[in-house]
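# Fold and contact review
Spelled out, the chains give:
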Amino acid sequence: MVHKSSPLRLVPDAAERPASPPAARRLGAVELVPGRVRAAVLSMAGRVLDRTESSYDAATATPADIDRALAAAAGCFAAHELQGIGVAAAGLVDPLTGLILEVNDVPALHGYPVTERLGALTGAGVRVEHRARLQVLGDRWFGAGRGRRTFASVSTGEVLGVGVLYDGEVMAPPGGRSGADMTVSASGERCTCGNRGCWKTLATTGWLRARARAAGLGDAVSLDALVNGGDALAGRVVEEYAHNLALGLVNVQQLFAPGLFILHGEAREGGERFRTVVEERLQNAVAFVGAEQPRVLVGTGAVDDVALLGGAGLVLSHL
Ligand SMILES: [Zn+2]
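An account of the accompanying structure is given in this report. (Residues numbered from 1 in each chain as written. Predicted model: local features only at pLDDT ≥ 70, side-chain atom pairs only at ≥ 80, totals over all residues. Heavy atoms only, no water.)

## Observations concerning the coordination of the zinc ion
Note the threshold: Note on donors: an N, O or S atom is included if it sits within 2.8 Å of the metal, or within 3.2 Å for Na, K and Ca, and water is never included, so sites can look incomplete. Here a site with four donors is tetrahedral if all angles are between 85 and 135 degrees, and a site with four or six donors is square planar or octahedral if opposite donors are over 155 degrees apart and the other angles are between 65 and 115; anything else gets the irregular label. To qualify as a helix, a DSSP run of H or I must reach at least 4 residues; to qualify as a strand, a run of E must reach at least 2; elements of each kind are numbered from the N terminus. In this scheme, a residue with accessible area under 20% of its type's maximum is buried, one over 50% is exposed, and one in between is partly exposed, where area comes from a 1.4 Å probe on protein chains only.
Taken together, Asp181 (OD), Cys191 (SG), Cys193 (SG) and Cys198 (SG) make up the protein donors of the zinc ion, found 2.0 to 2.3 Å from the metal. Because the angles between the 4 donor atoms bound to the zinc ion fall within 101 to 118 degrees, the donor set is best described as tetrahedral. Read in sequence order, the donor residues coordinating the zinc ion give the pattern D-x9-C-x1-C-x4-C. Taken together, the residues Asp181 in the loop between strand E11 (169-170) and helix H4 (205-214) and Cys198 in the loop between E11 and H4 connect sequence positions 17 residues apart. Residue Asp181 is classed as partly exposed on the basis of its relative accessible area, which comes to 32%.

## Considerations on the packing of aromatic side chains
Just so we agree on the cut-off: Working definition: a ring pair exists when centres of Phe, Tyr or Trp rings (six-membered ring for Trp) sit within 6.5 Å. Plane angles under 30 degrees give stacked, over 60 give edge-to-face, the rest tilted.
Evaluation of the coordinates by the stated rule reveals 2 aromatic pairs. Ring centres 5.7 Å apart and planes at 10 degrees place the aromatic pair Trp207 and Tyr241 in the stacked group. In this pair, Trp207 is assigned in helix H4 and Tyr241 in helix H6 (residues 232-256), connecting sequence segments 34 residues apart. This pair shows no difference in class: Trp207 is buried, exactly as Tyr241 is. Here Tyr241 and Phe274 contribute two aromatic rings whose centre-to-centre distance is 5.9 Å and whose plane-to-plane angle is 55 degrees, an arrangement assigned as tilted. Residue Tyr241 is located in helix H6, and its partner Phe274 is located in helix H7 (residues 271-284); the two are separated by 33 residues in the primary sequence. Among the residues examined, Tyr241 registers a relative accessible area of 2% and is labelled buried. When its relative accessible area of 3% is taken as the criterion, Phe274 is described as buried.

## Some remarks on the packing of H4 against H6
Between two packed helices, what matters for the description is the angle formed by their axes and the separation of those axes. Spelled out, the test is: Axes here refer to lines fitted to C-alpha atoms; in helices the fit is confined to the stretch in contact. Angles between the N-to-C directions go from 0 to 180 degrees. Working definition: roughly parallel below 35 degrees, roughly antiparallel above 145 degrees, roughly perpendicular at 65 to 115 degrees, and oblique for all remaining angles. Crossing handedness follows the turn of the near helix against the far one: under a right angle anticlockwise gives a left-handed crossing, and clockwise gives a right-handed one. We call two residues in contact whenever any of their non-hydrogen atoms come within 4.5 Å of each other. Amino acids are sorted into nonpolar (Ala, Val, Leu, Ile, Met, Phe, Trp, Tyr, Cys and Pro), charged (Asp, Glu, Lys and Arg) and polar (every other residue, Gly among them).
Between H4 and H6, the shortest axis-to-axis distance is 11 Å and the interhelical angle comes to 150 degrees. Relative to H6, H4 is oriented roughly antiparallel. Note that H4 runs across H6; the crossing there is right-handed. Across the interface between the two elements, Thr205, Trp207, Leu208 and Arg211 from H4 touch Val237, Glu240, Tyr241 and Asn244 from H6. A breakdown of the residues in the contact of H4 with H6 according to their chemical character gives 4 nonpolar, 2 polar and 2 charged.

## Some thoughts on the pattern of salt bridges
Rule in force here: Whenever a carboxyl oxygen of Asp or Glu lies within 4 Å of a side-chain nitrogen of Lys or Arg, that contact is scored as a salt bridge.
Summed over the entire model, instances satisfying the criterion amount to 20 salt bridges. Put simply, Glu116 and Arg117 hold a salt bridge, and the shortest N to O gap is 3.4 Å. Classification of Glu116 as exposed rests on a relative accessible area of 54%. With a relative accessible area of 29%, Arg117 lands in the partly exposed category. The salt bridge involving Lys200 is made with Asp181; its shortest N-O contact spans 3.5 Å. You can see Lys200 sitting in the loop between E11 and H4 and its partner Asp181 sitting in the loop between E11 and H4, a full 19 residues away along the chain. Several salt bridges converge on common partners, so that one network encompasses Glu31, Arg36, Arg38, Glu53, Arg131 and Asp304.

## Regarding helix H1 (residues 63-73)
Operational definition: The arc refers to the directions leading from the helix axis to the C-beta atoms.
Buried within H1 we find Ile66, Ala69, Leu70 and Ala73. End-on view of H1: buried residues confined to an arc of 100 degrees, all on one side of the axis. Next to the buried residues of H1 lie strand E2 (26-33), strand E3 (36-42), strand E4 (48-55) and helix H2 (114-122).

Structure (structure tokens):
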């Protein structure tokens, strides 16, 4: 299935296109996650000019199906002169070889040569990185991290992860992950990875829903509903959630002192109180008087665009 997610078609027909001046440089971005491929053309300032989306069946797709979904999404690049394409991919990736090594529940992506395939489709230089780590480059080039050489960008909600820019470089060592499975509780819940007490067992939407249900606050409640319900018990659950999120971030601050944490995703629903709880917890963890006091900002961009902006940032950083 292929469909345009934007009603705008910004590429004019050949007859309408002026013979000169030459096309401006554009940035290409692709987000590849289980079941879906998104692609976008962005201006050098990070404005989305054109986008496409295609889908595939995560469980049953063959590599040829992935090829087709990728080719369909890449259609939006055809009329643009691209500086390069940055791919934000779920799972475990190898940026050096351009391979996706492993994605849970998507057998067809194991060992998938995404940069080679996209390069052949478009003729552009292509680079891939892990989605959660990559978003820090979106913030660095187009968002609240502009002008900084060190800070952290955090995914919250169903998917948890931290990307750290350290002295101008994304920290992305081979085999490194996004932090969702770092242990924050010795006797915590069993995680899908097999270990106990991973950060994601108590700082994702799944935990929030289960906690709210256990507290008698209903099934499938959202953070937004808990924050705005005006209920004291709901307020305590929200506060606990903010503390759980801070648990992982405090470890990141202790190790790398990024100073600035930009939260994306669900945290936006938490409002100012949620942000303040996380920030205060981080500030309490800084013992060194001369160190930068940690600050927490909440990303204001469209949630759907965070990974695409990261891909465009990867182009500006490396291509
Ligand atoms: Zn885990």
